[in-house]
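# Residue-level structural notes
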Amino acid sequence: MLALQLSDFMLELKEGSIKNVGPANKSGSAKLFDVAEAEAREFGDKRVKLVCEDDDGNEVQVALFPEQVRSLTDDIEKLEEESPVFE
């Protein structure tokens, strides 16, 4: 399941083209639940791309720098040691 939340978001659709309407103060978030596949791969010369997809074909991609990946790895290792999630 893919959940999108958009704030102060308005687009104009005219003759097949999408155009931003209004000020540039838009924000959004995406959440993907029930992930069926997840992988990490190189993205350019300096980043790692995390790709997660559910059974419906919804996909979320996140590009991180190595230090962000290391921090995330540390967080996961702590969860493995301390959290019942991994039991």
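Everything in this summary refers to the structure shown in the same document. All residue numbers refer to position in the chain's written sequence, counted from 1. Where totals are concerned, whole chains, interfaces and linings use all residues; where local detail is concerned, this predicted model gives features only for residues with pLDDT of at least 70, and gives and counts side-chain atom pairs only at 80 or more. As a rule here, side-chain values come from all non-hydrogen atoms in the structure, and water together with hydrogens is ignored.

Now for the environment of leucine 6. Within the secondary structure, leucine 6 is located in strand S1 (residues 2–7). Separated by 36 residues in the primary sequence, leucine 6 and glutamate 42 have C-alpha atoms spaced 29 Å apart. In contact with leucine 6, not counting residues within four places along its chain, are Ser27 and Gly28. The helix count covers DSSP runs of H or I at least four residues long, the strand count covers runs of E at least two residues long, and both are numbered beginning at the N terminus. When checking whether two residues touch, look at their non-hydrogen atoms; a contact exists if any pair is within 4.5 Å.

Looking now at the sheet that holds strand S5 (residues 35–43). Picture the strands of a sheet paired through backbone hydrogen bonds; they go either parallel or antiparallel. The three strands lie next to each other as S5-S6-S7, forming an open sheet whose pairing is antiparallel. The open sheet has two free edges, formed respectively by S5 and strand S7 (59–64), since each of these has just one partner strand. The mean inter-strand angle of the sheet, taken between neighbouring strand axes irrespective of direction, is 15°. Note that S5 and strand S6 (residues 47–54) share eight bridges and pair antiparallel. Bridging across to S6, alanine 40 finds its partner in leucine 50. Lines fitted to C-alpha atoms define the axes, with helix axes restricted to the stretch in contact, and inter-axis angles between N-to-C directions lie between 0 and 180 degrees. Along the sheet face, helix H1 (residues 66–82) touches S6 and S7 and points at about 110° away from the line of S7. Paired strands, in this sense, are two strands between which DSSP finds at least two bridges.

Take the environment of phenylalanine 43 next. Relative to the helices and strands, phenylalanine 43 is located in strand S5. Judged by relative accessible area, which is 32%, phenylalanine 43 ranks as partly exposed. Taking C-alpha positions, phenylalanine 43 is 7.0 Å from alanine 63, a pair spaced 20 residues apart along the chain. Summary of the burial criterion: residues with accessible area below 20% of their type's maximum are buried, those above 50% are exposed, and those between are partly exposed, where the area comes from a 1.4 Å probe applied to protein chains only.

Here strand S2 (residues 11–14) runs beside strand S3 (residues 17–20); their pairing, made up of four bridges, is antiparallel. Bridging from a neighbouring strand, leucine 13 pairs with isoleucine 18 of S3. Here S2 folds back onto S3, and the loop between the two strands holds two residues, one of which, glutamate 15, carries a positive phi near 50°.

Mapped onto the elements of the fold, serine 83 is located in the segment after H1. By relative accessible area, serine 83 is classed as buried at 13%. Polar contacts involving the side chain of serine 83 include one to the main-chain amide nitrogen of valine 85, which spans 3.1 Å. Any N or O atom pair separated by 3.5 Å or less is treated as a polar contact, with the protein-specific requirement of one donor-capable and one acceptor-capable atom, and with residues adjacent in sequence counted only for side-chain atom pairs.

Moving on to unusual backbone geometry. Trans is the prevailing form of peptide bonds, just as negative phi is the prevailing case for residues other than glycine. Positive phi outside glycine occurs at aspartate 8, with the angle close to 50°. Of note, the phi angle at aspartate 34 is positive, near 55°, even though the residue is not glycine. Among the secondary structure elements, aspartate 34 is positioned in the loop between strand S4 (27–32) and S5. What makes aspartate 34 exposed here is its relative accessible area of 63%.

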